[in-house]
Amino acid sequence: MSDETAILSTGPSPTVAFRAPRNTAYDEEHLSSLEAHREWITDVSNLEVNQRTTSQRFYIAQHFRPKPGDRILDIGAYVGNNLLRYGGEGHPIDGIEIGSGYCGVWEARKGDLPADHPARFKAQMFCAAFEEWATTRTYDQALICEVLEHVIDPTSFVAKAAALLAPGGQLFIASPRERTRTAVREVTPADLRRWTQETGLEVSRLFVAVARKRNDGPRDWGVDQWICIATKEGNR
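Keep in mind it's a predicted model, so treat the numbers as computed, not measured.

Cut-offs applied
Residues numbered from 1 in each chain as written. Predicted model: local features only at pLDDT ≥ 70, side-chain atom pairs only at ≥ 80, totals over all residues. Heavy atoms only, no water. Helix = DSSP H or I, 4+ residues; strand = E, 2+ residues; numbered from the N terminus. Polar contact = N/O pair within 3.5 Å; in protein donor to acceptor, adjacent residues only side chain to side chain. Contact = heavy atoms within 4.5 Å. Buried < 20%, exposed > 50% of the residue type's maximum accessible area, 1.4 Å probe, protein only. Expected span 1.5 Å × (residues − 1). Arc of directions from axis to C-beta. Pairing = 2+ DSSP bridges. Right-handed = clockwise from strand over helix to strand, strands pointing away. Phe/Tyr/Trp six-rings, centres within 6.5 Å; stacked < 30°, edge-to-face > 60°. Salt bridge = Lys/Arg side-chain N within 4 Å of Asp/Glu carboxyl O.

## Overview of the side chain of S45
Point 1. Mapping S45 onto the fold places it in helix 2 (residues 34-45).
Point 2. Of the polar contacts made by the side chain of S45, one reaches the backbone nitrogen of G101; its length is 2.9 Å.
Point 3. The residues touching S45, leaving out its near neighbours within four places in the chain, are Q51, G99, S100, G101 and Y102.

## Some details on the environment of P68
Point 1. Within the fold, P68 resides in the loop between helix 3 (58-63) and strand 2 (72-75).
Point 2. Relative accessible area serves as the criterion here: at 82%, P68 is assigned to the exposed category.
Point 3. On a C-alpha basis, the gap between P68 and G90 in space is 8.2 Å, while along the polypeptide they are 22 residues apart.

## Some points on helix 2
Point 1. Between the first and last C-alpha of helix 2 there are 16 Å, a value that for 12 residues agrees with the 16 Å anticipated at 1.5 Å per step.
Point 2. Within helix 2 the residues assigned to the buried category are L34, H37, W40, I41 and S45. Buried residues of helix 2, viewed axially, fall in a sector of 130 degrees; they line one side.

## A word on the pairing of strand 3 (residues 93-97)
Point 1. Counting buried residues along strand 3, 5 of its 5 residues qualify, which places the element largely inside the surrounding structure.
Point 2. Taking every second residue as pointing to the same face, both faces of strand 3 are buried, with I93, G95 and E97 on one and D94 and I96 on the other.
Point 3. Relative to strand 3, strand 2 is paired through 4 bridges, and the arrangement is parallel. In the sheet register, I72 faces strand 3, and the bridge partner there is I93.
Point 4. Tracing the backbone out of strand 2, into helix 4 (residues 81-88) and back to the parallel element strand 3 gives a crossover that is right-handed.
Point 5. As judged from the 5 bridges shared by strand 3 and strand 4 (residues 123-127), these two strands associate in the parallel manner. Its bridge partner being in strand 4, I93 is matched across the sheet by A123.

## Quick word on the packing of aromatic side chains
To describe a pair of aromatic rings, one takes the distance between the centres and the angle between the planes.
Point 1. In this structure the tally under the stated criterion is 6 aromatic pairs.
Point 2. Ring centres 5.3 Å apart and planes at 80 degrees place the aromatic pair F64 and Y86 in the edge-to-face group. Of this pair, F64 sits in the loop between helix 3 and strand 2 while Y86 sits in helix 4; the two residues are 22 residues apart in sequence, bridging distant segments of the chain. One exposure class covers both F64 and Y86, and it is buried.
Point 3. For the pair Y78 and Y102, a centre-to-centre distance of 4.8 Å together with 65 degrees between the ring planes defines the contact as edge-to-face. Taken together, the residues span a long stretch of sequence, with Y78 in the loop between strand 2 and helix 4 and Y102 in helix 5 (residues 100-111) at a distance of 24 residues.
Point 4. These aromatic residues form a ring-pair network of at least three members: F126, F130, W133 and F157.

## A closer look at the pattern of salt bridges
Point 1. Enumeration according to the criterion identifies 8 salt bridges in this entry.
Point 2. Across the pair R57 and E146 runs a salt bridge whose closest N-O atoms are separated by 3.0 Å. Linking R57 in the loop between helix 2 and helix 3 with E146 in the loop between strand 5 (139-145) and helix 7 (154-163), this pair joins segments that are 89 residues apart in sequence. No difference in accessibility class separates R57 from E146, as the two residues are buried.
Point 3. When salt bridges with common partners are traced through the structure, they connect E35, R38 and E132 into a single cluster.

Structure below.
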C-alpha cells in the first residue's frame, strides 16, 4: 500500500472519527492568551508519558527532503528528533519549542551525544513561544508538524514562518487528518491551502501521508497526516 494519497480538491476532508478532548473547557481556556497557552503546554511537556517518542515521524523521513547544506527551522521541535536527524546529517538546524519539559529532554539527549557528533554543533533548541521568538536568520526549509491544530492563531503562525523563509524556501506542514483528543480544531486541506496562499506561498503538493504502524525504524502514532508543501517566490 502506498504511503501517499494525492489530494486535488480543496473541499472538506473525508469523514473521520472524532475524539473529543476529555476536558473541552480547559482546552479552550488555554487559547485565551499566549501565557495561558504556554502554561498548558509546559504542563503537558513535563509529563514523562509525553516525552517518550524519540524516533522521527516516518512521514517526515519519507517526504521531507532538504537539499545538502539547507538551513532548517523546526517549529514545534518537541524533544529534538528532527534536530538529531538533520543536524547529524550536517544541516544547520534551529528548533523552537514552547514546552520547557521537551526542551529539557533535548538538552539531555544532546549532552549524551559523542563529542564529535555533528548535531552537537549544527543543532540548537530555543525554548520559547514561536509567536514571540525573534531572529535575524532566514531559512531554506521550515517544518510545522502536528502544531497548527493546537495554536491560538494558525493564520499568523504560518505567516511568521513564511516570513522567515529565504527566497525559494520551502514550508513543510503536517497536521493530523483526524482531530485528536488534545487538538482545539480540525485542520482541513482547505485550511492549509488558505493559510499558505494568504502569505504569498505557492502550494506545490497537498496530500495524505498514510500512517505507518510498523516497529522498525521511524514510525507514526497511527494517525494519517495532511501534508502541505509550499514554496516562497524567488530563486535560491
